[in-house]
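# A structural walkthrough
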Amino acid sequence: MIVSKQKPFAEILAALGEAGRIFLVGCAKCATVCKAGGEEQIWQMQELLAAAGKEVTGSIVIDEACHLLRVQRDLRGKGEPVRHAEALLVLACGAGVQSVSAAVEQRTVAGLDTLFLGNIRRFGHFEQRCSLCGECLLNETAGICPVTVCPKGMLNGPCGGMDEGKCEVNAEAECVWSQIYSRLKARGEFAPLIRTTPAKDFSKMRKPGSLKLER
Ligand code: SF4
Ligand code: SF4
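Residues numbered from 1 in each chain as written. Chains lettered and ligands numbered in written order. Predicted model: local features only at pLDDT ≥ 70, side-chain atom pairs only at ≥ 80, totals over all residues. Heavy atoms only, no water.

Per an unreviewed UniProt entry, the protein is named 5,10-methylenetetrahydrofolate reductase-associated protein, and its organism is Geotalea uraniireducens.

## As for the site of ligand 1
The cut-off we apply is this: For each residue, the test is whether any non-hydrogen atom lies within 4 Å of the molecule or strand; if one does, the residue is near. Each residue gets one of three labels, nonpolar for Ala, Val, Leu, Ile, Met, Phe, Trp, Tyr, Cys and Pro, charged for Asp, Glu, Lys and Arg, and polar for the others, Gly among them.
Around ligand 1, a shell composed of C130, S131, L132, C133, C136, L137, L138, C145, V147 and T148 is seen. For the shell around ligand 1, the per-class residue count stands at eight nonpolar, two polar and no charged.

## What about the packing of helix α1 (residues 9-16) against helix α3 (residues 39-51)?
Put simply, the rule is: For helices, the axis comes from a line fit to the C-alpha atoms of the stretch in contact; other axes are also lines fit to C-alpha atoms, and the angle between any two N-to-C directions lies between 0 and 180 degrees. Comment: elements are numbered from the N terminus, with helices defined as DSSP H or I runs of at least four residues and strands as E runs of at least two. By convention the crossing between two helices is left-handed if the near helix lies anticlockwise of the far one by an angle smaller than a right angle, and right-handed if it lies clockwise. Here, two residues are considered to be in contact whenever any of their heavy atoms come within 4.5 Å of each other.
The interhelical angle for the contact between α1 and α3, taken along N-to-C directions, is 65°, at an axis separation of 12 Å. The element α1 and its partner α3 pack so that their crossing is right-handed. Within the contact between the two elements, α1 uses F9, I12, L13 and L16 and α3 uses M45, L48 and L49. Class assignment of the residues belonging to the contact of α1 with α3 gives a composition of seven nonpolar, no polar and no charged.

## Here we look at the sheet that holds strand β3 (residues 55-62)
This is how it is decided: In this analysis, strands are considered paired if DSSP registers two or more bridges between them.
Taken together, the four strands give an open sheet; going across it, the order is β3-β2-β4-β5, and neighbouring strands pair in parallel fashion. Edge positions in the sheet fall to β3 and β5 (107-110), since each of these pairs with one other strand and no more. Going from strand to strand, the sheet's axes swing by 25° on average, the running direction of each strand aside. Relative to β3, strand β2 (residues 21-27) is paired through seven bridges, and the arrangement is parallel. Residue pairing across strands places F23 opposite G58, the latter belonging to β3. Sheet strands in contact with helix α4 (residues 68-78) are β2, β3 and β4 (87-91), and its direction is about 140° off that of β3.

## Looking at the pairing of β4
This is how it is decided: Any residue under 20% of the maximum accessible area for its type is buried, any over 50% is exposed, and the rest in between are partly exposed; the area is computed with a 1.4 Å probe on protein chains only. The handedness of a crossover follows from its direction of travel: if, with the strands pointing away from the viewer, the path from the first strand over the helix to the second runs clockwise, the crossover is right-handed.
With five of its five residues buried, β4 lies for the most part within the structure. Bridge count for β2 against β4 is five bridges, and the pairing is parallel. Counted as the bridge partner of I22 is A87 from β4. As defined by bridge partners, β4 adjoins β5 across four bridges and the pair is classed as parallel. Looking across to β5, one finds that A87 is bridged to R107. On the question of chirality, the crossover connecting β4 to the parallel β5 by way of helix α6 (residues 94-103) is right-handed.

## Things to note about α4
Note that an α-helix has 3.6 residues per turn; residues three or four places apart therefore point the same way. For clarity, the cut-off: Think of the arc as the fan of directions from the helix axis to the C-beta atoms.
Of the residues making up α4, those classed as buried are V71, D74 and L75. All buried residues of α4 project into a common sector of 95° when viewed along the axis, lining one side. For α4, exposure combined with an orientation more than 90 degrees from the buried face picks out L69, R73, R76 and G77. Of the residues flanking the end of α4, it is G79, one or two places downstream, whose phi is positive at about 55°.

## Details of the side chain of E127
Cut-off, in case you're wondering: Counted as a polar contact is a pair of N or O atoms within 3.5 Å, where, for protein atoms, one must be capable of donating a hydrogen and the other of accepting one, and residues adjacent in sequence contribute only when both atoms are in side chains.
Tracing the backbone through its elements, the reader meets E127 in strand β7 (residues 125-128). Here the side chain of E127 touches R121 through a polar contact of 2.7 Å, side chain to side chain. Apart from the residues lying within four places of it in its own chain, the contact partners of E127 are F116, L117, G118, N119 and R121.

And the structure:
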């Protein structure tokens, strides 16, 4: 899931600038789970904008704001409230903002900061476990990602600073490579520990991003 959080209202207001008529867009998927861009946050934003002297022409919470064609269709279906707006304020991740921006002529303002791909620990608690490196090593590392979770991104750890299984960088945390070792050992899988993982191919993470997957 994509984890995001709302920008400070003053920042949103500054980004809206002179635009007086605003249409609000939320996302029913990730932004709703993060309590950043669901129905509730759209209502709260509507009240804040009204108090700041803005007119909210309408709103919609799109099923998946990252879906380009769905966003285009749903916004077209909203008709006049969208056309009448001077700007669209989007409470969705960066992908959602770009879907909206591709679908309308008006200025599109991002109301959230997009943080990371997150695992859900419990409601409202998210953890970064994967940083989308494009070359997954989990088959070699007992399903624990050292690229993301080890502070040094060690591919062949542990580093020299591990102390009795604790991480050199964060003494509260167990060293990722200690966890990987314990898990592999419990399964009797030693082959991944003997192999040396070559340096990552960072061309797979190259920017500007132009990756596409068609199936
Ligand atoms: S190695 Fe880690 S960062 Fe890369 S794809 Fe796998 S889980 Fe994600
Ligand atoms: S102690 Fe382990 S988790 Fe911490 S930086 Fe070194 S290898 Fe990574």
